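Residue-level listing of the chains:
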Amino acid sequence: MTVLHSSVLPIRTQEDIVRVRQATREAAVAQGFSLVDQTKLVTAASELARNTLDYGGGGDVEISRVNDPSRRGVRLVFTDKGPGIADIEQALRDGFTSGSGLGLGLSGAKRLSNEFSIESKVGEGTQVTIARWRN
Amino acid sequence: MEKIPILKMGRFLLVTVQVDMHDQLAMQLQEDLTERIVAARARGVLIDISSLEVVDSFIGRMISNIAAMARVLDAETVVVGIQPAVAVTLVELGLSLEGVRTALNVDRGMVLLQERLIAEQG
């Protein structure tokens, strides 16, 4: 996987979530995504950015335009140093929430992405990586 | 402070969301709308989201909440102008906006609200 361009944005305020949406949109447009694919990726980014803020206590996201030999995509890596997730399987279930949300953040973001991985250590933080490829 | 304007048209309130809302702005709209429904004795709320390029679970929940609060205050809510890409994404995300009436555009949304009013008066 070749990284064409990469930038890191802070996620500390609600306005930062809006900026993450905008920067993700720009990366998806630059990679030639269709409108539906742009919208799916931006929505996933919005869910994960809110998780980073609400549950991780803030953090950052690295937004990268990436190319494989045969396809173009966008990769997002959300990192926080929050409390971590004890039971990832449970957190990924639709409707599960430890906060006031609908519990669609993680599971929804996973469905809206082509690749999804999550690493978390209790007391250390959480890193969620997603990628979506141009159809 | 930044606010989303609420217009009054007869017995209805009209909201056009034209900015990419951050969460606090969406919460503020929820509060403002409930107050205006009571103050204006409104019977319907029409929310035009045709400018919104993203509706995530937070905004989706806000829309459902507004519809539920309005219903408790005896007003009907119709959401209009959902972009096709947003509709596709909402369903995949797992949000179906249950309990929220939708229409393709403002004209059809107004017809829905007026029909309800006429049906009650008739």
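Residues numbered from 1 in each chain as written. Chains lettered and ligands numbered in written order. Predicted model: local features only at pLDDT ≥ 70, side-chain atom pairs only at ≥ 80, totals over all residues.

A. The interface of chain A and chain B, seen in detail. Listed as interface residues are 23 residues of chain A and, on the opposing side, 18 residues of chain B. Secondary-structure elements contributing two or more residues to the side of chain A that touches chain B are helix 1 (14–30), helix 2 (35–54) and helix 4 (105–111) of chain A. Considered class by class, the residues forming the side of chain A that touches chain B number eight nonpolar, eight polar and seven charged. (Contact = placed C-beta atoms within 7 Å. Helix = DSSP H or I, 4+ residues; strand = E, 2+ residues; numbered from the N terminus. Nonpolar A, V, L, I, M, F, W, Y, C, P; charged D, E, K, R; others polar.)

B. Spotlight on unusual backbone geometry. All names here are of chain B. One non-glycine residue, R41, lies in the positive phi region at around 50°. The phi torsion at L97 lies on the positive side, around 50°, for a residue other than glycine. In this fold, L97 is placed in the loop between helix 3 (84–93) and strand 5 (101–103).

C. Quick peek at the environment of R93(A). Of note, R93(A) is situated in the loop between helix 3 (88–91) and helix 4. In the structure, R93(A) is positioned 13 residues away from L106(A) in sequence and 8.1 Å away in space, judged by C-alpha atoms.

D. Structural detail: the packing of helix 1 of chain A against helix 2 of chain A. Residue and element names in this part refer to chain A. Running from N to C, helix 1 and helix 2 point in directions that differ by 150°, and their axes come no closer than 9 Å. Comparing the axis directions of helix 1 and helix 2 gives the class roughly antiparallel. Relative to helix 2, the crossing made by helix 1 is right-handed. Residues I17, V20, R21, T24, R25, A28 and V29 of helix 1 lie in contact with helix 2, whose contacting residues are D37, Q38, L41, V42, A45, S46, A49, R50 and L53. Partitioning the contact of helix 1 with helix 2 into residue classes produces nine nonpolar, three polar and four charged. (Axes fitted to C-alpha atoms, helices over the stretch in contact; angles between N-to-C directions. Parallel < 35°, antiparallel > 145°, perpendicular 65-115°, else oblique. Left-handed = near helix turned anticlockwise from the far one by under 90°.)

E. Here's a closer look at the sheet that holds strand 5 of chain B. Residue and element names in this part refer to chain B. Strand order in this open sheet of five strands is 1-2-3-4-5, and the pairing throughout is mixed. Sheet topology places strand 1 (6–9) and strand 5 at the edges, where each strand pairs with a single neighbour. With direction set aside, neighbouring strand axes in the sheet form an average angle of 25°. Inspection of the sheet shows strand 2 (residues 12–16) paired to strand 3 (residues 44–48) by five bridges, in the parallel sense. Bridge pairing in strand 3 places L14 opposite L46. (Pairing = 2+ DSSP bridges.)

In short, the description is geometric, and any link to function would need to be established separately.
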